[in-house]
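# Coordinate inspection notes
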Amino acid sequence: MTTTIMHLKVPLTIVALLFSASACSNPSTTNAEKAALQSEASGNAATDTQPANTQASAAKPEFTTTPVASFDEPWAMTALPKIDNESPKILVTQKTGELFIVDTATGEKVTVSGVPNVAYGGQGGLGDIVLTPDFADSMMVYLSYVEAGVGKDSNKYGAKVIKAKLVDLDTAPSLQQITPIWQQTPKLKGQGHYSHRLLFSPDGQYLYISSGDRQKQDPAQDMSVNLGKIIRLNLDGSVPTDNPFVSDAASPNDISSQFWTTGHRNVLGMTFDDTGRLWAHEMGPRGGDEFNLIEKGKNYGWPIVSNGRNYSGIDIPDHDTRPEFEAPKITWTPVISPSSMSIYSSGQHNDFPAWEGSALISGLSSKALIVVDMDENNEASERYRYDMGERIRSVLAVDGEVWLVEDGDNSQLLRLLPK
């Protein structure tokens, strides 16, 4: 069956493929880092071969898309709790430092004040936003963003996570009672691979944070820095006593006690499935994007192994050469440039029953929505791929509905409507 994807009301806009001039002209960014940033931004790493064939199915769902609102460089989104049968309201972050509440019924955007100053440039700026498990009572949210150092470190950058109270939703929404939770250590020059994706455990007791390798590679295997890791914390930022490296730490404050897993490059999507398994995808270098089952204490091998190769063209040993490292369940060459992930589950709506329990992944260079199935044997496979014609920055499945937001300037928030 041929899948037709069409837009209602207005056509999709053209998305800028390169970062801003200010990012590219950053004097603290090396030429190699600039090339890598531009390659991952424009999708050059995906030009080596034709896209891999995906599983064909006569039951492949078809949909149209309806534009709701437009943004400049959006990065993440999450839905506020629904009120009765009203259309959802969605929180959307922009890398440049803005946070909006979007009424999906009208397309109206309301700015949330009180967002901290962000270090915008390259892949940095305002990042993820998640609601606390008790949001209905506490009105607390967690945000990630990039901050610059101070003094002699003013040309160095790192991700930071804060907790804040979202007040006055119906009048003049703002963030108050801001509390620091975590930060990347150390801050480094360059403006890539922050990751800073946020996720709560299914029981609401723990916060997971993806921390990228900052394009430096070696930190992913360095137990003295929290770069290239997936972090697990209590909700107040303290370290759970059952984290895998707590017993190895020299003291309870040792940075390695934060780590849940090691050996990561740039994790931009994390989610728990309905059985409680934690899945994450990460961008490979030139080839070798990964879809991983994240398990306590395991090392995922970067930069020692990868199914891609360096931007210089120098090969990297594949995972199967080093069985002590955890191998991905799926690798993509050419890359899909995965940017976010959400599990589809029916609720008040059931727009796409064929996707039930599947992971929906947004693709940048692939300009695609990718649907991945995970089975009871801890294996995964790509099931469907939809050509969206534009780089897709974020996907959100909530209450049986699916929303996408494009990447770059004048990008659109879209609702997927089943045909």
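Please read all numbers here as calculations on a predicted model, not as lab measurements. (Residues numbered from 1 in each chain as written. Predicted model: local features only at pLDDT ≥ 70, side-chain atom pairs only at ≥ 80, totals over all residues. Heavy atoms only, no water.)

Quick look at the sheet that holds strand E18 (residues 338-343) now. Reading across from one edge, E18-E19-E20-E21 is the order of the four strands in this open sheet, with antiparallel pairing throughout. With one partner strand each, in any of the chains shown, E18 and strand E21 (380-387) form the two edges of the open sheet. Each adjacent strand pair in this sheet contributes to an overall mean axis angle of 25°, direction not counted. (Pairing = 2+ DSSP bridges. Helix = DSSP H or I, 4+ residues; strand = E, 2+ residues; numbered from the N terminus. Axes fitted to C-alpha atoms, helices over the stretch in contact; angles between N-to-C directions.)

A few words on the environment of Leu278. Relative to the helices and strands, Leu278 is located in strand E15 (residues 278-282). Looking at Leu278, the relative accessible area reads 4%, which means it is buried. With residues up to four places along the chain from it excluded, the contact list for Leu278 reads Leu199, Tyr208, Met270, Thr271, Phe272, Asn292, Leu293 and Ile294. (Buried < 20%, exposed > 50% of the residue type's maximum accessible area, 1.4 Å probe, protein only. Contact = heavy atoms within 4.5 Å.)

With that out of the way, let us pick up the packing of aromatic side chains. For the coordinates displayed, the defined rule picks out 14 aromatic pairs. Arranged with centres 6.1 Å apart and planes meeting at 85°, the rings of Phe63 and Phe352 form a pair that is edge-to-face. In this pair, Phe63 sits in strand E1 (residues 63-71) while Phe352 sits in the loop between E18 and strand E19 (359-363), placing the two residues 289 residues apart along the sequence. With a centroid separation of 5.7 Å and an interplanar angle of 65°, the aromatic rings of Trp355 and Tyr386 are classed as edge-to-face. Of this pair, Trp355 sits in the loop between E18 and E19 while Tyr386 sits in strand E21, and the two are 31 residues apart along the sequence. The residues Trp355 and Tyr386 share a single accessibility class, namely buried. (Phe/Tyr/Trp six-rings, centres within 6.5 Å; stacked < 30°, edge-to-face > 60°.)

Turning next to the nonpolar core. Grouped together as the largest cluster of nonpolar side chains are 19 residues, with contacts concentrated most on Tyr142, Val161, Ile181, Trp182, Leu198, Leu207 and Ile209. Elements that contribute at least two residues to this core include exactly strand E7 (140-148), strand E8 (157-167), strand E9 (174-183), strand E10 (195-200), strand E11 (206-211) and strand E12 (229-234). If one sorts the elements of this core by residue count, E8 sits on top with three residues. Val118, Leu126, Ala164 and Leu175 belong to the second largest nonpolar core, which has 18 residues in total. (Core = buried A, V, L, I, M, F, W, Y, C linked by side-chain atoms within 4.5 Å.)

Right, let's talk about unusual backbone geometry for a bit. Backbone torsion omega between Thr185 and Pro186 reads 0°, so that peptide bond is classified as cis. Note on placement: Pro186 falls in the loop between E9 and E10. Across the junction of Thr333 and Pro334, the peptide omega takes the value 5°, indicating a cis bond. Positionally, Pro334 belongs in the loop between strand E17 (330-332) and E18.

This paragraph deals with the environment of Arg385. Checked against the element boundaries, Arg385 lands in strand E21. Within the local environment of Arg385, its side chain forms a polar contact with the side chain of Glu382, the two groups lying 2.9 Å apart. (Polar contact = N/O pair within 3.5 Å; in protein donor to acceptor, adjacent residues only side chain to side chain.)

This structure, assessed with the given rule, holds 20 salt bridges. For the salt bridge of Lys95 with Glu73, the shortest nitrogen-to-oxygen distance reads 3.5 Å. Taken together, the residues span a long stretch of sequence, with Lys95 in the loop between strand E3 (89-94) and strand E4 (99-103) and Glu73 in the loop between E1 and strand E2 (74-79) at a distance of 22 residues. Judged by relative accessible area, Lys95 falls into the buried class, the value being 6%. For Glu73, a relative accessible area of 16% puts it in the buried group. (Salt bridge = Lys/Arg side-chain N within 4 Å of Asp/Glu carboxyl O.)

Another aspect to go through is the pairing of E9. Successive residues of a regular strand alternate their side chains across the two faces of the sheet. Across seven bridges, E8 lies against E9 in antiparallel orientation. Residue pairing across strands places Ile162 opposite Pro180, the latter belonging to E9. A loop of six residues connects E8 with E9, the two strands running antiparallel in sequence, and Asp168 in this loop sits at a positive phi of about 55°.

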